Amino acid sequence: MPNKKTVRIDRSVTETNDAMAQRISHSLSDVNVLSVNIMGSPGSGKTSVIEGITNTIPAAEIAVIQGDLESDIDKRRMESVGIAAYQINTHSGCHLTAAMIEQAIVNLTFEHTRFLLIENVGNLVCPADVLIGQHLNIVVSSTTEGSDKPRKYPVIFKRADLIVITKEDLASAVGFDEKSYIMDIHSMNPRAKIIKTTTKDKDSFRSVADWLMHEYSLFYPGENP
Ligand code: MG
Ligand code: ZN
């Protein structure tokens, strides 16, 4: 009888990650911290969105975990606006994992923290599929990436609770077709909120902060300052 080869798909890695992610989100809920997974392409403006939020929400209420392949450039950007930040360097890793977040949380203090903003590695693919203990997902999407991104990367846009369009001031220069972009999102994820921003108008990030504070009040009623 010939040797029969069997291929076993090992699910244990994702199961371990997901169990850990669930523990993280529960322990953050226990201390009334809302954790947000911020995803988007490299250069889409994830760090600028976080900076923009700090114009409305006091820095003391925000903790940031920065995921990057290398460098602590974004962490230092956070610290320069008074935000406690922890840098994860994934080296060749193209997404954050729950184990990385657990390690980061141990190194952060959450005394006055209400929002844990986790900037994932710049990538529109796998961060959508790996749970890291987030309560909510934000996708940051710039006009310069083109209006076809929701159709090309539907998974991440389907998972988004909020989509922040950045570089709105460049929309017409790069021929960003906002109408079809928004229609595509509505057809795949009708519950997603969409907010347009530009660093040329610092006030445009106020709506993102307002959305976060509103979500906070839904997660933790009675815990508002
Ligand atoms: Mg960044
Ligand atoms: Zn990946």
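What counts and what doesn't
Residues numbered from 1 in each chain as written. Chains lettered and ligands numbered in written order. Predicted model: local features only at pLDDT ≥ 70, side-chain atom pairs only at ≥ 80, totals over all residues. Heavy atoms only, no water. Helix = DSSP H or I, 4+ residues; strand = E, 2+ residues; numbered from the N terminus. Rg over C-alpha atoms; globule rule 2.2 N^0.38 Å. Buried < 20%, exposed > 50% of the residue type's maximum accessible area, 1.4 Å probe, protein only. Expected span 1.5 Å × (residues − 1). Arc of directions from axis to C-beta. Donors = N, O, S within 2.8 Å, 3.2 Å for Na, K, Ca; no water. Phe/Tyr/Trp six-rings, centres within 6.5 Å; stacked < 30°, edge-to-face > 60°. Axes fitted to C-alpha atoms, helices over the stretch in contact; angles between N-to-C directions. Left-handed = near helix turned anticlockwise from the far one by under 90°. Contact = heavy atoms within 4.5 Å. Nonpolar A, V, L, I, M, F, W, Y, C, P; charged D, E, K, R; others polar. Lys, Arg positive; Asp, Glu negative; His and termini not counted. Salt bridge = Lys/Arg side-chain N within 4 Å of Asp/Glu carboxyl O.

Undergrad: Tell me about the overall build of the protein, and name the residues and values.
TA: The helix and strand inventory of the protein stands at eight helices and seven strands. Relative to a compact globule of 225 residues, whose C-alpha radius of gyration would be 17 Å, the protein shows 18 Å and is just as compact. Each principal axis of the C-alpha distribution contributes one length, and for the protein these read about 75 × 45 × 35 Å. By residue count, 49% of the 225 residues in the protein fall in the buried class.

Undergrad: Go over helix H1 (residues 12–30), please, and point to the residues and values.
TA: For an α-helix, the turn length of 3.6 residues means that residues three or four places apart are oriented alike. Here H1 contains 19 residues, and its C-alpha end-to-end distance of 27 Å stays within 8% of the 27 Å for a straight helix at 1.5 Å per residue. Residues Asn17, Met20, Ala21, Ile24, Ser25 and Leu28 constitute the buried set of H1. Along the long axis of H1, the arc covered by the buried residues comes to 140°, so they all point the same way. Exposed side chains of H1 directed beyond 90 degrees from the buried face belong to Glu15 and Asp30. The positive-phi residue at the C-terminal boundary of H1 is asparagine 32, with phi of around 55°.

Undergrad: Talk me through the coordination of the zinc ion (ligand 2); I want residue IDs and the actual numbers.
TA: Looking at the metal site, the zinc ion (ligand 2) is ligated by Cys94 (SG), His95 (ND1) and Cys126 (SG), spaced 2.0 to 2.2 Å from it. Spacing between the donor residues of the zinc ion (ligand 2) along their common chain follows C-H-x30-C. A residue pair is termed long-range when its members are at least 10 positions apart, and histidine 95 in the loop between strand E3 (84–89) and helix H4 (98–106) and cysteine 126 in the loop between strand E4 (115–119) and strand E5 (136–142) qualify at 31 residues.

Undergrad: Let's hear about the packing of aromatic side chains: which residues, and what values?
TA: Here the distance between the centres and the angle between the planes together describe a pair of aromatic rings. All chains considered together, the criterion is met by five aromatic pairs. Judged by centre distance (4.9 Å) and plane angle (55°), the rings of phenylalanine 176 and tyrosine 181 are tilted. Pair check on accessibility: phenylalanine 176 and tyrosine 181 agree, each one buried. Seen from their ring centres, phenylalanine 219 and tyrosine 220 are 6.2 Å apart, and the 50° between their planes marks the pair as tilted.

Undergrad: Give a detailed account of the packing of H1 against H4, specifying residues and quantitative values.
TA: When two helices pack together, their arrangement is given by the angle between the helix axes and by the axis-to-axis distance. Contact geometry for H1 and H4: axes closest at 8 Å, N-to-C directions at 35°. The hand of the H1/H4 crossing is left-handed. In this structure, H1 uses Asn17, Met20, Ala21, Arg23, Ile24 and Leu28 to contact H4, whose residues at the interface are Ala98, Ala99, Ile101, Glu102 and Ile105. Its residues assigned to classes, the contact of H1 with H4 shows eight nonpolar, one polar and two charged.

Undergrad: Requested: an account of the coordination of the magnesium ion (ligand 1), with residues and values cited.
TA: At 2.0 to 2.1 Å from the magnesium ion (ligand 1) lie its protein donor atoms, namely Thr47 (OG1), Asp74 (OD) and Glu119 (OE). Along the chain, the residues donating to the magnesium ion (ligand 1) are arranged with the sequence spacing T-x26-D-x44-E. Taken as a pair, threonine 47 in helix H2 (residues 46–53) and glutamate 119 in strand E4 lie far apart in primary sequence, 72 residues in all. Among the residues examined, threonine 47 registers a relative accessible area of 5% and is labelled buried.

Undergrad: Account for the side chain of glutamate 215, naming residues and giving values.
TA: Tracing the backbone shows glutamate 215 in helix H8 (residues 206–219). Despite its burial, glutamate 215 pairs with no opposite charge; the closest candidate is arginine 191, at 7.8 Å N-O. For glutamate 215, the residues in contact, after removing those within four places along its chain, are Leu34 and Leu136.

Undergrad: Tell me about the side chain of serine 141, and name the residues and values.
TA: As for its placement among the helices and strands, serine 141 is situated in strand E5. Excluding its chain neighbours within four sequence positions, the residues that come into contact with serine 141 are Phe157, Ile163, Val164, Ile165, Thr166 and Tyr181.

Undergrad: Kindly report on the pattern of salt bridges, identifying the contributing residues and their values.
TA: As enumerated under the stated definition, the model contains 14 salt bridges in all. Across the pair arginine 77 and aspartate 74 runs a salt bridge, and its minimum N-O distance is 3.8 Å. Note that arginine 77 and aspartate 74 are positioned in helix H3 (residues 73–80) at a spacing of three residues, about one turn of the helix. Note that aspartate 161 is salt-bridged to arginine 191, the shortest N-O span being 2.8 Å. Linking aspartate 161 in the loop between helix H6 (154–159) and strand E6 (162–166) with arginine 191 in the loop between helix H7 (178–188) and strand E7 (193–196), this pair joins segments that are 30 residues apart in sequence. Aspartate 161 gets classed as buried once you look at its relative accessible area, which sits at 16%. What makes arginine 191 exposed here is its relative accessible area of 52%. The structure contains a network of salt bridges with shared partners spanning Glu51, Asp74 and Arg77.

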